[in-house]
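Remarks on the overall topology
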Amino acid sequence: MARAEQWLPGLEGGFSSLCCILIERHVLRGRAKRRPLYFTAEKVGPWSVLSAVPGARELDNNNCSCGFYDSGTKKLFTDSIIVYFNESTSLPKDFEAEDYEHKYEKNWNAIYRQGADPSNLHFNESESLQLFVSPPTSEHLVNGAGIRTARRDIQYGSFRTLIKAPSNRARGSAMSMIWQYNDTEITELSVMNTDDPSNAWIGTFVNNEFTTRDLGINFSTAINESTANRNYTVLAETLGNSKVNPWNYTEYRIDWTEDFINFYIGGNLTRSVLHKKNPHMPSVPSPFYFKHWATGDKYSMEGPPAQRSVANIGWIRMFFNSSSMTDKGREEFVARCTLTEACSMEDISLRGSTPYSEPATKKWKQKSNKSVKRMPALWISVICIGFSSLLLVHAFIRRAPWRKQAPSNGHRHASSVAPAESTEPNPFETLEYSVPSTRNNSVQNSSVSCRPSSEYSHESKNSLTIERAEPSPGTSVYGCSTHGYCSRSGSVRFDSRGTTPHVLSPYSSNFNLTTEEFPSPTTPRVGKDRKTMSRHASEKTLPVIQVPGPDDKIPMETVTQSALPAPRMTSHPPPPHQRIDYLAGLVALCAILVTVMHFALTFVPAIIIPGAPQHYESEYWARKIVSPFVLNQMWLGVFFTTSVRFLVAGYLKRGNLQDIAKGAVRRTPRLMIPVTAMALLEYFLVDCGATTYLRYIPSVTWSNWPYVTRFPTIGHFISEILELVYLIPNAVPQITFNYCTGVLWTIAVQLQGSWLVLTGVIVVYEIKTPWKRMAYYTFCIINHWYAVSWGSYLWFGLLLADIDITYKYKDWLHKRPLAYFPFLTFCWLCVIAGFAANMIPNWSDFNFVIYENNIHPDDSTGEAIWNTENAGYPAYYVPRFNGLLFAVGMQAIVEISPAVQSVLSLRFLLVLFPHIFTIYLLHGLVFWSWGSWLMIFLADRNFTYGTNVTIVGITSYVLLFLILPIVTPIVEALGKDITTLVWMSAVEKSPPRRRTLFPFPDDLFSRRGGGDVEAAGIVRQSSGGSSLSVKGKEKEGVREIGAFDFK
């Protein structure tokens, strides 16, 4: 015999165990026979239903107080609600008419808001309860109709209803039966007619599943199914099966137990959700809803109806358990009832409902499970976080760049004004001097220049600027400031590369810690008397203070200094800008316009998307007049054309393949390290719920463009990052759906385009004849355009860089006005043509972008696209000819027009330029987290939409700009600096391996017991020291730290 507990789903704790005794006591006697039912069949309207006769029974404690038993599923339930609406003239007391108006919907694709109006409920005494849906209002509110059970204690049961779908002549809406506690405790069966009747379907969803077609069946599929031992003319008779027709009255049923949820259509099981496969299956008490509604969701019911649409409910039969039954009530139930006294769920003569008390109408609440044991750990965590935050804030305030750093001995540079009473000359203040060397009883003269830091104190107000210097052919790293001057007089330079400092050899090392590569100087430095300052351009000769040795000899040696050690904090002014300001301004402008376009697509779609619903008439005129110029994909193409110049400029100037190698090695980590870091940050924030409100805004903004979902696992994250590295455009990376605004598809274009450009420039460089070179460019551009490849943009960018660097076309044009102005006019015509292609469709039926897209070959068939199903407007990731004209024309204008250059060199654009990568990567996260939350917050407080969007826009951009100083250094450190180190590790020789205590002697610690040897001035030679020969020069020893007296 099966376990008796499974017959009592929903009965809590001891009640389930007590009822086992009841069932086991009677089940062995055999199942109770059905009582004879007395009824007549009466044809009413399009379906037949049983009318009440004297034999029909109303529920009370005397006839069905022992519950309801289903012989098919072998389940016993204690309570019921049964109503036949053809017998009713008003809503029974067990149901309440819904009356609400949602301010937003929790749906990615709902661009209309739900409402329910009791006036949309009508009783057709001869047939059913009618639920109407009204056409949408101008504010996208769709008033439907709905009823809800007065009881909120329904937990597990069998719920059955007879529903007629909305008309196939009306636009889409849904007639649904739902039980719902919250967003995660919900089960729904919806009958949806959709805009196209051939797509009408019945969906079954658990816990807000996305409305995919595999979670339901199409009407045409249901029509071909037979009913399972059911006939809607005489329900209790076993007659021949009829066909299911969802357009007419059909029985829908949901069985909900602890172990499963089963969905039935016309008596046929269509879906089963098992608890062992779905542990988050609904389990808490909740009310039951029946409603006719529409939200315009294109993935479910579509719609909403343009005219009034009606759906019908014939009857509702619900058998369930109550979570409000007390322990005493359970004991009385078991003591009083036997299984044979339970009513059959198949008894259609039953009417009415089980009596209930006031607690059954209260919303169930989870019992608080506070643990005192967790509080100490929580408070310790809070205190630690508070102290850490306080220390960080304190450090930031003390080290703030806007504060003047007061000078202090040993750690600050000397004052620029020397004391008046000081008359003793300082050798480090002289411009140059010579130091004799007595090594091998010979004298060597070297010229040295060492400027005190006081000379630089007037050049920079900020004493914490990071200086940058020219690298030497071979450089060393010193613990002193750079550029040939000392932080204070009398200081000695030491190697800061190891764990402990040591005095350096005069021979330079190949180890370079520069953060950027700069052109190496080709001539040595000279002093005021025209004498060479050192053997190498990056070196200076300094004296080393010696301690008298045992023989009272004064040995001297030469110590050389590299001009480029690791970056040091000095008062040296930054070098002059080496960038092209107007190109930097152009890129910054493009980045800002891309963010504005994404903001509009998220919050004001009508100004970009043709046919999108509009809140105000101004959006219509903005789309016709403003959008074609500033809110379109064309500005994105400028990123690709300008980026080429920075890749190939070095090789076009010098023809050195090391420039190609540098671009090939650096390009991928330069882009992918920051992208991976930002994607990981968004992974964390999305998983924490930062974008929770994004799914609420479509019903407010009327835009279903924004969508993001978390990575299922960390493995998916890694997989999608690797896919982005190797993906070949025009394919769309999967990470597009897991990253805010999906901008990362352009990274694949940049990466793959880099290999195209780096190999292409080698070929171009070897074509020396100008006309042949131009012919090659033409051939490549035409082929990439026809193949619908972004390579056409990149080849044009390479062409512009080549004719500028190689042929100096700008100088040539400026010297020839008759050529300059026609060429400038032609470029402006290209830009205007690009704009016109976007403008014309707004005022006519001709769309150049569609016609141009359709002449290209289809990837899968090879035929022209207009002969395939892919014909039409191209996707956002597909290049367009008008965008190509605009990008090339705009960049050419920027390069040759002084007026445009002055505009693009404005201060605010140049300030933004270092942050463009951060803006590009993070603007979507700001819009879709902060912006979406604020949008819903203001909408919930009845702000007008115009005011709402204005506040969201201003605050979103303020927040974006505030985080730039914080995030940009991280992005640059992850991208630019690490990439430089990657390149250096590929080309620079690693430094020699040092002993652990180098340059200190091995007995540094053991000899301390015998006295302070260093104070005695004893010179010890390092057993692990080494000297290197440079350019055949004489080797010189490296002195130990202990050989010097710093007193």
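The rules we used
- Residues numbered from 1 in each chain as written.
- Predicted model: local features only at pLDDT ≥ 70, side-chain atom pairs only at ≥ 80, totals over all residues.
- Heavy atoms only, no water.
- Phe/Tyr/Trp six-rings, centres within 6.5 Å; stacked < 30°, edge-to-face > 60°.
- Helix = DSSP H or I, 4+ residues; strand = E, 2+ residues; numbered from the N terminus.
- Buried < 20%, exposed > 50% of the residue type's maximum accessible area, 1.4 Å probe, protein only.
- Pairing = 2+ DSSP bridges.
- Patch = residues over 30% accessible without salt bridge, like charges linked within 9 Å, V, L, I, M, F, W, Y side chains within 5 Å.
- Areas by Shrake-Rupley, 256 points an atom, 1.4 Å probe, with all protein chains shown as cover.
- Salt bridge = Lys/Arg side-chain N within 4 Å of Asp/Glu carboxyl O.
- Disulfide = S-S within 2.5 Å.
- Axes fitted to C-alpha atoms, helices over the stretch in contact; angles between N-to-C directions.
- Parallel < 35°, antiparallel > 145°, perpendicular 65-115°, else oblique.
- Left-handed = near helix turned anticlockwise from the far one by under 90°.
- Contact = heavy atoms within 4.5 Å.
- Nonpolar A, V, L, I, M, F, W, Y, C, P; charged D, E, K, R; others polar.

Thoughts on the packing of aromatic side chains
- What the rule picks out here adds up to 47 aromatic pairs.
- Residues Phe85 and Phe123 carry aromatic rings whose centres are separated by 6.3 Å and whose planes lie at 45° to one another, so their mutual orientation is tilted. Placement of Phe85 in the loop between strand S6 (79-84) and strand S7 (95-97) and of Phe123 in strand S10 (residues 121-123) is noted, with a sequence separation of 38 residues between them.
- What makes Phe85 buried here is its relative accessible area of 0%.
- The partly exposed category is assigned to Phe123, whose relative accessible area is 25%.
- A ring pair is formed by Tyr820 and Phe821, whose centres lie 5.0 Å apart and whose planes are at 80°; its orientation type is edge-to-face.

Some points on the sheet that holds strand S4 (residues 68-70)
- Ordered in space as S5-S4-S23, the three strands form an open sheet in which the pairing is mixed. Edge positions in the sheet fall to strand S5 (75-77) and strand S23 (343-344), since each of these pairs with one other strand and no more.

With respect to the pairing of strand S22 (residues 309-322)
- Counting buried residues along S22, 13 of its 14 residues qualify, which places the element largely inside the surrounding structure.
- Here S6 runs beside S22; their pairing, made up of six bridges, is antiparallel. Within S22, the position partnered with Ser80 by the bridge is Phe319.
- Pairing between strand S11 (residues 129-133) and S22: five bridges, direction antiparallel. Each residue of the ladder has a partner; that of Gln130, found in S22, is Asn312.
- In terms of strand pairing, strand S13 (residues 154-164) meets S22 through nine bridges, oriented antiparallel. Each residue of the ladder has a partner; that of Ser158, found in S22, is Phe319.

Considerations on the pairing of strand S20 (residues 268-274)
- Across six bridges, strand S19 (residues 260-265) lies against S20 in antiparallel orientation. Across the sheet, residue Ile261 finds its bridge partner in S20, namely Val273.
- A loop of two residues connects S19 with S20, the two strands running antiparallel in sequence, and Gly266 in this loop sits at a positive phi of about 60°.

Re a nonpolar patch on the surface
- A contiguous nonpolar patch, built from Met375, Leu378, Trp379, Val382, Ile383, Phe387 and Leu390 and spanning about 720 Å² of accessible area, is present on the exposed surface.
- Here Ile383 is to be found in helix H4 (residues 374-398).
- Residue Ile383 is classed as partly exposed on the basis of its relative accessible area, which comes to 46%.

Focus: the state of the cysteines
- Tallied over the entire structure, the rule returns two disulfides.
- One disulfide bridge connects Cys64 with Cys343, the sulfur atoms lying 1.9 Å from each other. Note on the Cys64 and Cys343 pair: the S-S dihedral is about -100°, so by sign convention the disulfide is left-handed. In this pair, Cys64 is assigned in the loop between strand S3 (57-58) and S4 and Cys343 in strand S23, connecting sequence segments 279 residues apart. The same class applies to Cys64 and to Cys343, which are both buried.
- Disulfide pairing places Cys66 opposite Cys337 at an S-S distance of 2.3 Å. Taking the sign of the torsion about the S-S bond as the criterion, the disulfide between Cys66 and Cys337, at about -85°, is left-handed. Of this pair, Cys66 sits in the loop between S3 and S4 while Cys337 sits in the loop between helix H3 (327-336) and S23, and the two are 271 residues apart along the sequence.

Considerations on the packing of helix H13 (residues 770-786) against helix H14 (residues 791-805)
- The interhelical angle for the contact between H13 and H14, taken along N-to-C directions, is 160°, at an axis separation of 8 Å. Relative to H14, the element H13 lies roughly antiparallel. Crossing of H13 against H14: the hand is left-handed. Every residue of H14 that contacts H13 at Arg773, Met774, Tyr776, Tyr777, Cys780, Ile781, His784 and Trp785 is listed here: Gly791, Ser792, Trp795, Phe796, Leu798, Leu799, Asp802 and Ile803.
- The residue inventory of the contact of H13 with H14, partitioned by class, reads eleven nonpolar, three polar and two charged.

Overview of unusual backbone geometry
- Here the amide bond leading from Gly303 into Pro304 is cis, since omega sits at 0°, within 30 degrees of zero.
- Looking at the element boundaries, Pro304 is found in the loop between strand S21 (288-293) and S22.
- In the segment running from Phe998 into Pro999, the intervening peptide bond is cis, with an omega of 10°.
- On the secondary structure map, Pro999 appears in the segment after helix H22 (945-987).
- One non-glycine residue, Tyr156, lies in positive phi territory at about 70°.
- Assignment of secondary structure puts Tyr156 in strand S13.
- Not every positive phi belongs to a glycine, and Val788 is a case in point at roughly 55°.
- For Val788, the position within the fold is in the loop between H13 and H14.

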